[in-house]
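# Chains, contacts and geometry: an overview
Listed below, chain by chain, are the residues.
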Amino acid sequence: MKPNPYVFLIIFIGVALVFPLIPLGLAWLWRRIFQPPKPGLQKNATYECGVESVGEAQIQFRSQYYLYAIIFLIFDVEAIFLVPFAVAFTGLPVGAFIAILIFLLLLIEGLIWAWSKGCLQWER
């Protein structure tokens, strides 16, 4: 007698559902047992360094900082793509060299665009 091939699929789906649900259920149970039902002195106490906070917790940053960080990340990640090319430079065909030249031209175009928009100027 051959076992049904779908039995293994059902077992796999069952295990895939049970493994994440057990920690979620335990976390829910832990919260129900140990969490105070209402905020109190202990729950609202200062916890990090013992210094009472002053002012609002939300501080507005200029969007220029985020734009500067995103441009840095883009050029940093794109520079990582140049490392394998530099390592295998002598063994690559001419097509790879042309592809990396196009890649570098796109990098330079992005840099010129960011520069012309004033994204790289720290103070405006």
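Data block above holds the structure.
Keep in mind the model is a prediction, meaning the values are calculated, not measured.

Approximately 170 Å³ is the volume found for the largest pocket. Every element with two or more residues in the lining of the largest pocket is listed here: helix H2 (63-80) and helix H4 (94-117). The dominant element in the lining of the largest pocket, judged by the number of residues it contributes, is H4, at six residues.

Moving on, we come to the packing of H2 against H4. When two helices pack together, their arrangement is given by the angle between the helix axes and the distance between those axes. At a closest axis distance of 11 Å, the pairing of H2 and H4 adopts a crossing angle of 165°. As the angle between them shows, H2 and H4 are arranged roughly antiparallel. Two packed elements cross with a definite hand, and for H2 against H4 that hand is left-handed. Residues Ile71, Phe75 and Glu78 of H2 form the contact with H4, whose own contacting residues are Phe103, Leu107, Gly110, Leu111 and Ala114. For the contact of H2 with H4, the class distribution of residues is six nonpolar, one polar and one charged.

Moving on to the packing of aromatic side chains. Throughout the structure, instances matching the rule amount to four aromatic pairs. Note on Trp30 and Phe34: the rings are 4.3 Å apart at their centroids and 45° apart in plane angle, and the pair reads as tilted. With a gap of four residues between them, Trp30 and Phe34 both fall in helix H1 (residues 6-34), about one helical turn apart. In this structure, Trp30 and Phe34 share a single accessibility class: exposed. Geometrically, the ring pair formed by Phe85 and Phe89 is edge-to-face, given 5.5 Å between the ring centres and 80° between the ring planes. A residue is classified by how much of its surface remains accessible, and Phe85, at 16% relative accessible area, is buried. For Phe89, a relative accessible area of 44% gives the class partly exposed. Clustering of aromatic rings is evident, with ring pairs tying together Phe85, Phe89 and Phe97.

The rules behind these values
Residues numbered from 1 in each chain as written. Predicted model: local features only at pLDDT ≥ 70, side-chain atom pairs only at ≥ 80, totals over all residues. Heavy atoms only, no water. 1 Å grid on protein atoms, 1.4 Å probe; cavity = no way out; pocket = protein on both sides within 12 Å on 5 of 7 lines; lining within 4 Å. Points joined across faces, edges and corners; volume = space filled by probe spheres on them. Helix = DSSP H or I, 4+ residues; strand = E, 2+ residues; numbered from the N terminus. Axes fitted to C-alpha atoms, helices over the stretch in contact; angles between N-to-C directions. Parallel < 35°, antiparallel > 145°, perpendicular 65-115°, else oblique. Left-handed = near helix turned anticlockwise from the far one by under 90°. Contact = heavy atoms within 4.5 Å. Nonpolar A, V, L, I, M, F, W, Y, C, P; charged D, E, K, R; others polar. Phe/Tyr/Trp six-rings, centres within 6.5 Å; stacked < 30°, edge-to-face > 60°. Buried < 20%, exposed > 50% of the residue type's maximum accessible area, 1.4 Å probe, protein only.

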